[in-house]
Amino acid sequence: DGGITQSPKYLFRKEGQNVTLSCEQNLNHDAMYWYRQDPGQGLRLIYYSQIVNDFQKGDIAEGYSVSREKKESFPLTVTSAQKNPTAFYLCASSREEGWGNQPQHFGDGTRLSIL
Amino acid sequence: KNEVEQSPQNLTAQEGEFITINCSYSVGISALHWLQQHPGGGIVSLFMLSSGKKKHGRLIATINIQEKHSSLHITASHPRDSAVYICAPQRGGGSNYKLTFGKGTLLTVNP
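Reading the values: the criteria
Residues numbered from 1 in each chain as written. Chains lettered and ligands numbered in written order. Predicted model: local features only at pLDDT ≥ 70, side-chain atom pairs only at ≥ 80, totals over all residues. Heavy atoms only, no water. Patch = residues over 30% accessible without salt bridge, like charges linked within 9 Å, V, L, I, M, F, W, Y side chains within 5 Å. Areas by Shrake-Rupley, 256 points an atom, 1.4 Å probe, with all protein chains shown as cover. Salt bridge = Lys/Arg side-chain N within 4 Å of Asp/Glu carboxyl O. Helix = DSSP H or I, 4+ residues; strand = E, 2+ residues; numbered from the N terminus. Phe/Tyr/Trp six-rings, centres within 6.5 Å; stacked < 30°, edge-to-face > 60°. Buried < 20%, exposed > 50% of the residue type's maximum accessible area, 1.4 Å probe, protein only. Lys NZ or Arg CZ within 6 Å of the ring centre and 35° of its normal.

### Points about a nonpolar patch on the surface
Here comes step 1: A cluster of nonpolar side chains, Tyr 10, Phe 12 and Leu 115 of chain A, forms an exposed patch at the surface whose accessible area comes to about 390 Å².
Here comes step 2: On the secondary structure map, Phe 12 of chain A appears in strand β2 (residues 10-13).

Below is the structure:
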């Protein structure tokens, strides 16, 4: 079955460390997205990529970095510059055709906590 | 004022009840998404609509563009419907569109 795989499900980080969250999709989708979810708040867009080797900042990109070397993969790195990284991170993807007319497919998320 | 307001924030129902979750938004949109977030955190897209009504099984979504309001209805609710339901209005289209997410409505359906 096609879908989005996020790993790991739970991740712990020491202060000052960078960590990378994995997101892989086998839906042949061109667009991929990273969202952050905090308690009592709606999802907020961190970064998105519409095509391989291209990505754009979302609303809260500071302290994060991404790469899109392959269509299937869109890893998110939470750097030490992100002062409040504890959150639930969701990856999503969507088809290119009919941009804005296709629903986004979501992974199961990664919960990041600071030790 | 938040761009997206969902009501109620929390909803508890008995199995079999008819459920309504409301979403109001303050800007013009091109479409609106309803999402379901499971207790484990994964999200499933339920509906994407830009006018009228859509139905899938026991779920019905309606939207009134002029009134900037959408509703999600669940008929004959079941405990497995317990989840957070999120409304996400979409602005723009083409390759330049943006979703704004509501804070969600936590639905608990008791047997």
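### Things to note about the packing of aromatic side chains
Here comes step 1: Overall, the coordinates contain 5 aromatic pairs over all chains when judged by the stated rule.
Here comes step 2: Relative to Tyr 35 of chain A, the ring of Tyr 33 of chain A lies with its centre 6.3 Å away and its plane at 20 degrees, an arrangement referred to as stacked. By the burial criterion, Tyr 33 of chain A is buried, and Tyr 35 of chain A matches it.
Here comes step 3: Ring geometry for Tyr 35 of chain A versus Phe 101 of chain B: centroids 5.1 Å apart, planes at 75 degrees, classification edge-to-face. Taken together, the residues span two chains, with Tyr 35 of chain A in strand β4 (residues 31-37) and Phe 101 of chain B in the loop between β10 (96-99) and β11 (105-110).
Here comes step 4: Taking the relative accessible area as the measure of exposure, Tyr 35 of chain A reaches 3% and is therefore buried.
Here comes step 5: Residue class for Phe 101 of chain B comes out buried when judged on its relative accessible area of 8%.
Here comes step 6: Note that Arg 68 of chain A overlies the ring of Phe 74 of chain A, its terminal NZ or CZ placed 6.0 Å from the centroid.

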